[in-house]
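An overview of the molecular structure
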Amino acid sequence: MAISSTYELSTIKQLYIRHRVQLVQWLVKMYAFDPGEATELAQSAFAIFAERAAAGSLPSFERAGLEKTYLFAIAKNKAREQLRLRKRTTALSEQAVGIQDEEQEREAEAEKRSRIELASKAFAKLGEKCQQLLKLAIVFKTPMQDIAQQMDYENAQTVKTRKYKCLQRLRTLYTQSTN
Amino acid sequence: MSDELKDIALAEAYLNDALSEEEKRVVEKRRQDDPDFARLVDDMDVMMAGSKAAFRQEVQEQLQELEKTLPRIPLDEAALILNDMDIPAAEEEDDTLQSSEEDSSKNRRWLYLIALLLIILAVITWALWPQPKAHEQLFAKYFEAPPVERSNSRSPIAALQQKADAAYQTGQYAAAIPLYDQLYREYGDSLSLYYLGMAQMANGNGEAAVESLNTVAELPEDIRYRQLQFYLALAHLQEGDRKAATDLLRNLDGEAAEALRQEMEKAFSQ
């Protein structure tokens, strides 16, 4: 299946139906995840794939089957990240002393991940228009002029100002959730 | 536009790498000097990542809904083995090459481990495999079923003799044994008793062979005395009675008997 750089949820769903079984089985076998974890990881890999497709940052899959290779590569990195996190949790639960630079780096990484998750939840509290605008601007990297046409704004400058206001609103919601 | 919105615009441009080198330096200097601005840049980074995460979450939720409508994924052993047959080599991701190397190194380690286990298993099997005992080895070395030597007979049992001899000559000792037994018991054919003993030895039954050959030796007919004694010794040897075999061999002339006796002495003195 050829994947264009244009994101289509229906295409992602078709890809999911086509590759989910093998990907989940592979994650179970290679990384000993339980079926639930493996399915969640596989879905998360497809979501990353979708994000890259939306941003137009997927490589060109001229050869058949390359999108599958790419998907498996994303899943592999996600799996390894997950295992690193698990390892870290185990180490902390065993009250390991003498945390080194690497551990501090992981701490910082985990903290940032947690902040991003909070921001993601705050995003869901934004109004529909702000959500749509930020999605188009940040995820799809749509030019301001195109967003103006799609969302019926006066011009690109208006869109820019709206975008900054939406980011400001998002930050406020995020800050509220952290307090 | 308010100052905060201007700062958000600046932070966003900085994070998207949309500033000139000079503008970047100004922003970086301000980040160092102005903690509020530094926090805002940091927060904008998180807001943009959070917007992308929200999109991924939305896709993931769609896939979770889709998953509920799809058949359950088989995760039994057979399915997992079949899965191996069509796994692509994941190479596009940044650190996947390293990961592939790690995997292939892991696979190599497994292969070495399996090879080592096989070698250990082979050594253990070899060590525990029942080795033939000395008397069995000597028997195997010296015993060869002698060919049938029988003058042409026109007796009524000739057909049965031919049938028994044919089975014996072709190595079908199990088939020859009841025929020779019948020829001796029903018709008193003493030569058949001799070959019965040979067939029994060839068939691995030294005890029966000793009985048959002892009976031959007690018969009034003088049937190949020297060979008979030698084969009787071999039959004793086959059933593990070294003393009886040695006693018989000691009274025999001939190179084979002498060689076997010496080898027996050597083997059993160790």
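Comments concerning the interface of chain A and chain B
Each side of the interface is counted separately: chain A has 53 residues, and chain B has 43 residues. Contributions of two or more residues to the side of chain A that touches chain B are made by α1 (9–31), α2 (35–55), α3 (66–93), α4 (101–124), α5 (128–139) and α7 (156–178) of chain A. The biggest single contributor to the side of chain A that touches chain B is α1(A), with 13 residues. Residues of the side of chain A that touches chain B, tallied by class, amount to 30 nonpolar, 11 polar and 12 charged.

Some thoughts on the environment of B:Lys24
Relative to the helices and strands, B:Lys24 resides in helix α2 (residues 21–33). Filtering out sequence-adjacent residues up to four positions away, B:Lys24 remains in contact with B:Tyr14 and B:Leu19.

What about helix α11 (residues 225–238) of chain B?
Residues and elements named next belong to chain B. Between its first and last C-alpha, α11 extends 20 Å over 14 residues, near the 20 Å set by a 1.5 Å rise per residue. Where α11 is concerned, the buried positions are Phe230, Tyr231, Leu232, Ala233, Leu234, Ala235, His236, Leu237 and Gln238. Buried residues belonging to α11 abut α6 (134–142), α9 (190–202), α10 (206–218), α12 (242–250) and α13 (255–269).

A short note on the packing of α10(B) against α11(B)
Residue and element names in this part refer to chain B. It is the contact of α10 with α11, at a shortest axis distance of 8 Å, that shows an interaxial angle of 155 degrees. As summarised for this structure, α10 and α11 are arranged roughly antiparallel, according to the angle between their axes. As α10 runs across α11, the sense of the crossing is left-handed. Residues Gly206, Ala209, Val210, Leu213, Asn214, Val216 and Ala217 of α10 form the contact with α11, whose own contacting residues are Leu228, Tyr231, Leu232, Ala235, His236 and Gln238.

What to know about unusual backbone geometry
Residue and element names in this part refer to chain A. One non-glycine residue, Lys141, adopts positive backbone phi at about 50 degrees. Mapping Lys141 onto the fold places it in the loop between α5 and α6 (144–151). Its 12 C-beta neighbours within 10 Å are what place Lys141 among the exposed residues.

Things to note about the nonpolar core
Ranked by size, the top nonpolar core spans 58 residues in total, and within it A:Leu27, A:Ala42, A:Phe46 and A:Ala75 carry the most contacts. Counting only elements with at least two residues in this core, the list comes to α1, α2, α3, α4, α5 and α7 of chain A together with α1 (3–15) and α3 (35–68) of chain B. Sorting elements by how many residues they give to this core places α3(B) first, with 11 residues. Once you skip the residues sitting within four places of it in the chain, A:Phe46 turns out to touch A:Ile12, A:Leu15, A:Tyr16, B:Val59 and B:Leu63. Membership of the second largest hydrophobic core comes to 38 residues, among which are B:Ile177, B:Leu191, B:Ala209 and B:Leu237.

Focus: the packing of α5(A) against α6(A)
The description of two helices packed together rests on the angle between their axes and the distance between the axes. All names here are of chain A. It is the contact of α5 with α6, at a shortest axis distance of 10 Å, that shows an interaxial angle of 150 degrees. Relative to α6, α5 is oriented roughly antiparallel. For the pair α5 and α6, the crossing hand works out as right-handed. Where α5 abuts α6, its residues Gln132, Leu133, Leu136 and Ala137 lie against Ile147, Gln150 and Met151. A class-by-class count of the residues in the contact of α5 with α6 yields 5 nonpolar, 2 polar and no charged.

Parameters and conventions
Residues numbered from 1 in each chain as written. Chains lettered and ligands numbered in written order. Predicted model: local features only at pLDDT ≥ 70, side-chain atom pairs only at ≥ 80, totals over all residues. Contact = placed C-beta atoms within 7 Å. Helix = DSSP H or I, 4+ residues; strand = E, 2+ residues; numbered from the N terminus. Nonpolar A, V, L, I, M, F, W, Y, C, P; charged D, E, K, R; others polar. Expected span 1.5 Å × (residues − 1). Buried ≥ 20, exposed ≤ 12 C-beta atoms within 10 Å, placed from the backbone. Axes fitted to C-alpha atoms, helices over the stretch in contact; angles between N-to-C directions. Parallel < 35°, antiparallel > 145°, perpendicular 65-115°, else oblique. Left-handed = near helix turned anticlockwise from the far one by under 90°. Core = buried A, V, L, I, M, F, W, Y, C linked by C-beta atoms within 7 Å.

In short, the description is geometric, and any link to function would need to be established separately.
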